[in-house]
Amino acid sequence: QVQLVESGGGLVQAGGSLRLSCAASERTFSSGNMGWFRQAPGKEREFVAAIALIGGNAYYADSVKGRFTISRDKSKNTVYLQMNTLTPEDTGVYYCGARAAYSGTMYSHSAYNYWGQGTQVTASS
């Protein structure tokens, strides 16, 4: 069973930066992607960013384009999310997920096969 462990969340002022990490206990899938989602209180879990396991193409939600960057270190089975210019609207629990290529669209949380426990990100105004 693959385990995903997120870290790096915290409290920052609006305009600040945080870097999240997601470490997998082992290689997840040969194809598919790793993704970051977030969930604010009373809202559904929403797509933030994803990176393909083959080729490394990155995909972003419109709300974070130009501010967030997803990357990976294959040797460490780790995915990162660099978040800059944070706003209060970015506040929520951030989850890392792993999706196999046959599991549906990367933009839907229901398509992901494994999840981490989440890490809280709070940007105060």
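Everything below is about the structure printed above this text.
Throughout, a residue's number is its position along its own chain's written sequence, starting from 1. Thresholds applied to this predicted model are a pLDDT of at least 70 for local features of residues and 80 or more for the giving and counting of side-chain atom pairs; totals over whole chains, interfaces and linings are not thresholded and use all residues. As a convention, hydrogens and water are excluded, and side-chain values are obtained from all of the structure's heavy atoms.

Engineer: Even after reading the chapter, I still don't get the nonpolar core, so can you show me in this structure?
Structural biologist: Grouped burial of nonpolar side chains is what soluble globular proteins tend to show. What makes a nonpolar core is a set of buried Ala, Val, Leu, Ile, Met, Phe, Trp, Tyr and Cys residues whose side-chain atoms join them at distances within 4.5 Å. Each residue is placed in one exposure class: buried if its accessible area under a 1.4 Å probe, protein chains only, is under 20% of its type's maximum, exposed if it is over 50%, and partly exposed if it falls in between. Core analysis: the biggest nonpolar cluster contains 35 residues, and Leu4, Met34, Trp36, Leu81, Met83 and Tyr94 have the highest contact counts within it. Elements represented by at least two residues in this core include exactly β3 (18–24), β4 (32–39), β5 (46–52), β7 (68–73), β8 (78–83), β9 (92–100) and β11 (119–124). Where helices and strands are cited, they refer to DSSP runs of H or I of at least four residues and of E of at least two residues respectively, numbered from the N terminus.

Engineer: Teacher, can you tell me more about the sheet that holds strand β1 (residues 4–7) here?
Structural biologist: The strands that make up a sheet are held in pairs by hydrogen bonds between backbone atoms, and each pair lies either parallel or antiparallel. Spatially, β1-β3-β8-β7 is the arrangement adopted by the 4 strands of the open sheet, whose pairing is antiparallel. Of all the strands in the sheet, just β1 and β7 have a single pairing partner and so form its edges. Across the sheet, the axes of successive neighbouring strands diverge by a mean angle of 15°, strand direction being ignored. Sheet topology places β1 next to β3; 4 bridges connect them, and they run antiparallel. Counterpart to Glu6 in the pairing with β3 is Cys22. If DSSP finds at least two bridges between two strands, the strands pair. Orientation is described by axes fitted as lines to C-alpha atoms, over the contacting stretch for helices, and by angles from 0 to 180 degrees between their N-to-C directions.

Engineer: How do you make sense of the state of the cysteines when you look at a structure like this?
Structural biologist: As used here, a disulfide is simply a covalent bond connecting the sulfur atoms of two cysteines. Disulfide: a pair of cysteine sulfur atoms within 2.5 Å of each other. Applying the stated criterion across every chain, the model contains 1 disulfide. Here Cys22 is linked by a disulfide to Cys96, with a sulfur-sulfur distance of 2.0 Å. Between Cys22 and Cys96 the disulfide shows an S-S torsion of about -75°. By sign, it is left-handed. Note that Cys22 is positioned in strand β3 and Cys96 in strand β9, a separation of 74 residues in sequence. Per residue, the accessibility class of Cys22 equals that of Cys96, and both read buried.

Engineer: How should the environment of Thr119 be read in this particular structure?
Structural biologist: With respect to the secondary-structure elements, Thr119 resides in strand β11. For Thr119, a relative accessible area of 11% gives the class buried. Spatially, the C-alpha atoms of Thr119 and Glu6 are 6.1 Å apart, while their sequence positions differ by 113 residues. In contact with Thr119, not counting residues within four places along its chain, are Glu6, Ser7, Gly8, Gly9, Leu20, Gly92, Val93 and Tyr94. Whenever two N or O atoms come within 3.5 Å, that pair is a polar contact, provided that in protein one can donate a hydrogen and the other can accept it, and provided that, for residues adjacent in sequence, both atoms are side-chain atoms. There is a polar contact of 3.2 Å between the side chain of Thr119 and the backbone nitrogen of Gly9. By definition in these notes, contact holds between two residues if any of their heavy atoms fall within 4.5 Å.

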